[in-house]
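Descriptive structure summary
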Amino acid sequence: MLVALASFMEVLDTTIANVALPYIAGGMGVSEDEASWVVTTYLVANAISLTASSFLAQRFGRKTFFLLCLGIFTVSSVLCGFSWNLQALIAFRILQGFGGGGMVPLAQSILADAFPPVKRGQAFALFGVAVVVAPVVGPTLGGWLSDNLSWHWCFLINGPVGMLTVAAIAVVLKESAAMEARRKEQVRQGLSFDLIGFLLVATFLGALEVLLDRGVEDDWFGSTFIVRVAVVCVVAFALMIPWEITRKNPAVDLRLVATRQFGACFLVMLATGLILLATTQALPQIVQTEFGYSATLAGLVLSPGGVVTFVMMLVVGRLIGKVQPRTLIVAGAAIVALSMYDLTNIYADVDFWFFAQSRMVLGIGLPLLFLSITTASYSGLPPGKTDQASALMNMARNVGGSIGVSLVSNVLANREQFHQNRLIEQVIPSSTAYQHTLQQVTDYFASQGSSLGKANLQAIAWIGQQLQTQVAMLAYMDVFWVLMLVALAGIPLALSLRKVALGGPAHVGH
């Protein structure tokens, strides 16, 4: 529960600041585009820190490193809340990202080694609540705090919770004797750090995060900055692969991704992170921009789904020891795809519960995916590889989430342009249908007291507004079609997984 709480705080901060960006921009006198670096820099620092988490956990011990990460995260969160300008806030967000990056993979590997395989499902259920529910709670909590208090509390709230968690973990969490003995032996033999591999992986992930997060705002390859970042990303990736697969102790063991079991789990986790963050971005966005919801109400749209996810985590935690993970992943992918298909039926008059119910269906599917992937990915791994496996799985979730947010923005931008061009072709002033609609709407505004000339202008503006609403609805429908296809792609990957031992002896790998 304690490591899950710490993970919850860290993942919460990936989304809590998103809805607060307009408030941050207004409070600091900067544009929203400038304020968005508050999110980008956190993701970049998070990705870089995650890369080194495996080595640092081995070097200093999981408990020591976990407490260090949590302490840095808590202090930097409070500093973010007291930031006096944008530059200070970005600097503290980078520090917060460095602290938070190691927490989630450490929590996952602590649970993987602390529980035997037959009990891991229940342990990962609590961890899953943190990782899957936190992005849902983020917009709700961030919206409420920003609307009712101030954006500063989106960060200050981590202070007291973080301090209490540090104290509790320091007392409760114990290093296993076997793990501590193995760590000391590795240090005695000379635990080496793959510095070049770390720099290549960190450069690749950092550049990729910037590319995905800033691409739409900066017009992709129309921007010299984005072109340079893309070149750095590609070069780092091209150098990273041969270097990491030929090292004895690589910074990130990419050879795990090449295995059938772990590689398939890695890809499905990538898709799961993509859908989780993409929907968390798209739903509040559509209800705020097209339906006029406040930030708080937009966050509440996600809340019923969060409750369902919490309950399903506990249910799936029980099922993990009785049903093959690949069966649960197939079921989860199908349910998530059904939820996305349901959202392709949006129109301008849908109510709050239409979105809430779709999110509740998603809340049934995501735990089936997340817990099953997490459990299956550790099947057959030797104990010494759990830190590497945790880092890679969390890398997949983080990168998938960034891809998801970027995918939503790009599909929306391109499909809005496409649908606007197609619909405008049908709005011909000389057509009978247009003239009939214009006359009816003009008569309506005239009956409300407007002069004939003003009523005519109001009618033209109303028709234009209806066209833009339809353009937006059609573009969002395309977004959910794409996400449905992503979910369905997880089914063949799940079928490629091998069967794992259910309820067998408490061994970890072979």
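Computed from a prediction, not measured in an experiment: that's the story for all the values here. Every chain is numbered independently, its residues counted from 1 as its sequence is written. Since the coordinates come from a predicted model, pLDDT governs what is reported: local features require at least 70, and pairs of side-chain atoms require 80 or more to be given and counted, while whole-chain, interface and lining totals use all residues. Excluded from the side-chain calculations are hydrogens and water; all other atoms, namely the structure's heavy atoms, are used.

1. Section: the overall build of the protein chain
A run of H or I in DSSP becomes a helix once it reaches four residues, and a run of E becomes a strand once it reaches two; helices and strands are each numbered from the N terminus. A tally of regular secondary structure across the protein chain gives 20 helices and 0 strands. A compact globule built from 510 residues should have a C-alpha radius of gyration of about 24 Å, and the protein chain, at 24 Å, falls within 12% of that. Judged by the C-alpha coordinates and their principal axes, the protein chain covers about 90 × 50 × 45 Å. Burial here depends on accessible area, computed with a 1.4 Å probe over protein chains only, as a share of the maximum for the residue type. Under 20% is buried, over 50% is exposed, and the range in between is partly exposed. When burial is assessed residue by residue, the protein chain has 54% of its 510 residues classed as buried. Accessible areas in this description were obtained via Shrake-Rupley with a 1.4 Å probe; residue shielding takes into account the shown protein chains only. Of the accessible surface of the protein chain, which amounts to about 21,200 Å², a share of 67% is contributed by carbon and sulfur atoms. Charge counting follows a simple rule: Lys and Arg are positive, Asp and Glu are negative, and His as well as the terminal groups are ignored. Positions of charges follow a simple convention, taking NZ of Lys, CZ of Arg, CG of Asp or CD of Glu. Counting 28 positive and 27 negative side-chain charges, the protein chain places the centres of these two groups 18 Å from one another. Restricting the calculation to C-alpha atoms gives the radius of gyration, and the globule rule supplies 2.2 Å times the number of residues raised to the power 0.38.

2. What about the side chain of Thr442?
Mapping Thr442 onto the fold places it in helix 19 (residues 432-447). Excluding anything up to four places from it in sequence, Thr442 contacts Leu452, Ala455, Asn456 and Ala459. In what follows, a contact means two residues having at least one pair of non-hydrogen atoms within 4.5 Å.

3. Description of the packing of aromatic side chains
Planes of paired rings set the category: under 30 degrees apart is stacked, over 60 is edge-to-face and the rest tilted, where pairs are Phe, Tyr or Trp rings (Trp by its six-membered ring) whose centres lie within 6.5 Å. Within the structure shown, the criterion is met by 10 aromatic pairs. Aromatic side chains Tyr293 and Phe352 sit 6.5 Å apart centroid to centroid with 15° between the ring planes, which places their arrangement in the stacked category. Residue Tyr293 is found in the loop between helix 14 (260-289) and helix 15 (295-319), and its partner Phe352 is found in helix 17 (residues 352-377); the two are separated by 59 residues along the sequence. Taken individually, Tyr293 and Phe352 each receive the classification buried, so the pair is uniform in this respect. Taken together through their ring pairs, the aromatic side chains of Phe291, Tyr293, Phe352, Trp353, Phe354 and Phe355 make up a single cluster.

4. Quick notes on the packing of helix 6 (residues 86-101) against helix 7 (residues 103-114)
Packed helices, taken two at a time, are described by the angle their axes make and the gap between the axes. Two numbers describe how helix 6 lies on helix 7: the axes approach to 5 Å, and their chain directions differ by 10°. Accordingly, the angle class assigned to the pair helix 6 and helix 7 is roughly parallel. Packed against helix 6, whose contacting residues are Gly99, Gly100 and Gly101, the element helix 7 presents Met103, Val104 and Pro105 at the interface. By the convention adopted, Pro, Cys, Tyr, Trp, Phe, Met, Ile, Leu, Val and Ala count as nonpolar, Lys, Arg, Asp and Glu as charged, and the other residues, Gly among them, as polar. For the contact of helix 6 with helix 7, a count of residues per class yields 3 nonpolar, 3 polar and no charged. Angles shown run from 0 to 180 degrees and are taken between the N-to-C directions of axes, each axis being a line fitted to C-alpha atoms and, for helices, limited to the stretch in contact. Each angle receives one of four descriptions, namely roughly parallel if under 35 degrees, roughly antiparallel if over 145, roughly perpendicular if within 65 to 115, and oblique otherwise.

5. Considering the packing of helix 5 (residues 62-81) against helix 10 (residues 158-172)
At a closest axis distance of 9 Å, the pairing of helix 5 and helix 10 adopts a crossing angle of 165°. Judged on the interaxial angle alone, helix 10 and helix 5 are roughly antiparallel. Here helix 5 and helix 10 pass one another in a crossing that is left-handed. Between helix 5 and helix 10, the residues in contact are Lys63, Phe66, Leu67, Leu70, Gly71, Phe73, Thr74, Ser77 and Val78 and Asn158, Gly159, Gly162, Met163, Thr165, Val166, Ile169 and Ala170, respectively. The crossing is said to be left-handed when, going from far helix to near helix, the turn is anticlockwise and less than a right angle, and right-handed when the turn is clockwise.

6. What about the confidence of the model for the protein chain?
Scored from 0 to 100, pLDDT records how confident the predictor is in each individual residue. Per-residue pLDDT for the protein chain has a mean of 80; in total, 92% of the residues score no lower than 70. Of all helices and strands in the protein chain, the one with the weakest mean pLDDT is helix 11 (residues 177-189) (62), whereas helix 16 (residues 325-343) scores best (90). Taken as a whole, residues 504-510 scores under 50 in pLDDT and shows 12 contacts with residues more than four places along the chain or in a different chain.

7. Considerations on the environment of Ile403
Summarising the element assignment, Ile403 is placed in helix 18 (residues 386-424). Spatially, the C-alpha atoms of Ile403 and Asp213 are 8.4 Å apart, while their sequence positions differ by 190 residues. Among all residues touching Ile403, those that are not within four sequence positions of it are Leu212 and Leu274.

8. Topic: the nonpolar core
Counting 146 residues, the largest nonpolar core has Ile24, Phe66 and Phe355 as its most contacted members. Counting residues per element, this core draws most heavily on helix 14, which supplies 16 residues. For Phe66, the contacting residues outside a window of four places in its chain are Val3, Ala6, Met103, Leu106, Ala107, Ile110 and Ile169. In these notes, a set of buried Ala, Val, Leu, Ile, Met, Phe, Trp, Tyr and Cys residues joined through side-chain atoms within 4.5 Å is what counts as a nonpolar core.

9. Quick notes on helix 12 (residues 195-214)
Residues that lie three or four places apart on an α-helix share one face, since the helix turns once every 3.6 residues. Helix length check: helix 12, at 20 residues, gives a terminal C-alpha distance of 28 Å against a target of 28 Å (1.5 Å per residue), a fit within 8%. Burial within helix 12 is extensive, with 16 of its 20 residues counted as buried. To estimate the expected span of a helix, subtract one from its residue number and multiply by 1.5 Å.

10. A few points about the pattern of salt bridges
What makes a salt bridge here is a side-chain nitrogen of Lys or Arg within 4 Å of a carboxyl oxygen of Asp or Glu, nothing more. In this structure the tally under the stated criterion is 1 salt bridge. Note that Asp478 and Arg415 form a salt bridge whose closest N and O atoms lie 2.7 Å from each other. With a gap of 63 residues between them, Asp478 in helix 20 (residues 452-495) and Arg415 in helix 18 connect regions that are remote in the sequence. Taking the relative accessible area as the measure of exposure, Arg415 reaches 28% and is therefore partly exposed.

11. Some details on a nonpolar patch on the surface
For patch building, the residue pool is restricted to those with more than 30% relative accessible area and no salt bridge; the joining distance is 9 Å between like charges and 5 Å between nonpolar side chains (Val, Leu, Ile, Met, Phe, Trp, Tyr). A surface patch of nonpolar side chains, amounting to about 480 Å² of accessible area, comprises Val307, Phe310, Val311, Leu314, Val315 and Leu319. Note on placement: Val315 falls in helix 15.

12. Focus: the environment of Asp351
In this fold, Asp351 is placed in the loop between helix 16 and helix 17. Since its relative accessible area comes to 46%, Asp351 is described here as partly exposed. Linking Asp351 and Phe291, residues 60 residues apart in sequence, is a C-alpha distance of 9.0 Å. Looking at Asp351, its side chain comes within polar contact range of the main-chain nitrogen of Phe354, at 3.1 Å. Between N or O atoms, a polar contact is any pair within 3.5 Å; within protein, one atom must be a potential hydrogen donor and the other a potential acceptor, and residues adjacent in sequence are included only when both atoms are from side chains.

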